[in-house]
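Residue-level structural notes
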Amino acid sequence: MKLEGEIITQETIKVEGMTCGHCEMRVKKAIEAIEGVRKVEVNLRNKNVVVEYDDRKANLEKIKAAVKEAGYEPV
Ligand SMILES: [Cu+2]
């Protein structure tokens, strides 16, 4: 949901190491747990993740750190 005054940024990041639906879910959940993240779409086949977030609260660094912590490699 978009709140008033909110600026949503959309970024696509490459993630290496995902091999199945389980990996997809882990990455999705890890990113969704970050405050300010509004939408996460993980595409296993293309090895990428489309993230929409409020850039006053979240940023790419935080998102990549969460991916790493879940055990995958953001590039
Ligand atoms: Cu897997």
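Here, every reference points to the structure presented above.
These figures come from a predicted structure and were not determined experimentally. (Residues numbered from 1 in each chain as written. Predicted model: local features only at pLDDT ≥ 70, side-chain atom pairs only at ≥ 80, totals over all residues. Heavy atoms only, no water.)

Along a regular strand, successive side chains alternate from one face of the sheet to the other. Pairing analysis gives seven bridges linking strand β1 (residues 8-16) to strand β3 (residues 48-54), with the strands arranged antiparallel. Directly across from I8, in β3, lies its bridge partner D54. By the bridge criterion, two bridges tie β1 to strand β4 (residues 73-74) in an arrangement that is antiparallel. Bridge assignment links V15 to a residue of β4, and that residue is P74. (Pairing = 2+ DSSP bridges. Helix = DSSP H or I, 4+ residues; strand = E, 2+ residues; numbered from the N terminus.)

The copper ion binds to the protein through C20 (SG) and C23 (SG), with metal-donor distances spanning 2.1 Å. Note on C23: relative accessible area 6%, which makes it buried. (Donors = N, O, S within 2.8 Å, 3.2 Å for Na, K, Ca; no water. Buried < 20%, exposed > 50% of the residue type's maximum accessible area, 1.4 Å probe, protein only.)

With that settled, the discussion passes to the sheet that holds strand β2 (residues 37-43). Read across the open sheet, the four strands follow the order β2-β3-β1-β4; overall the sheet is antiparallel. Among the strands making up the open sheet, the edge pair consists of β2 and β4. The strands that helix α1 (residues 21-32) touches are β2 and β3; relative to β2, the one it contacts most, it runs at about 165°. Sitting on the sheet, helix α2 (residues 60-69) touches β1, β3 and β4, and the angle it makes with β1 is about 35°. (Contact = heavy atoms within 4.5 Å. Axes fitted to C-alpha atoms, helices over the stretch in contact; angles between N-to-C directions.)

This paragraph deals with the side chain of N48. Relative to the helices and strands, N48 is located in strand β3. What makes N48 buried here is its relative accessible area of 17%. N48 has contacts with T12, I13, K14, V15, E41, V42 and N43, leaving out every residue within four places of it along the chain.

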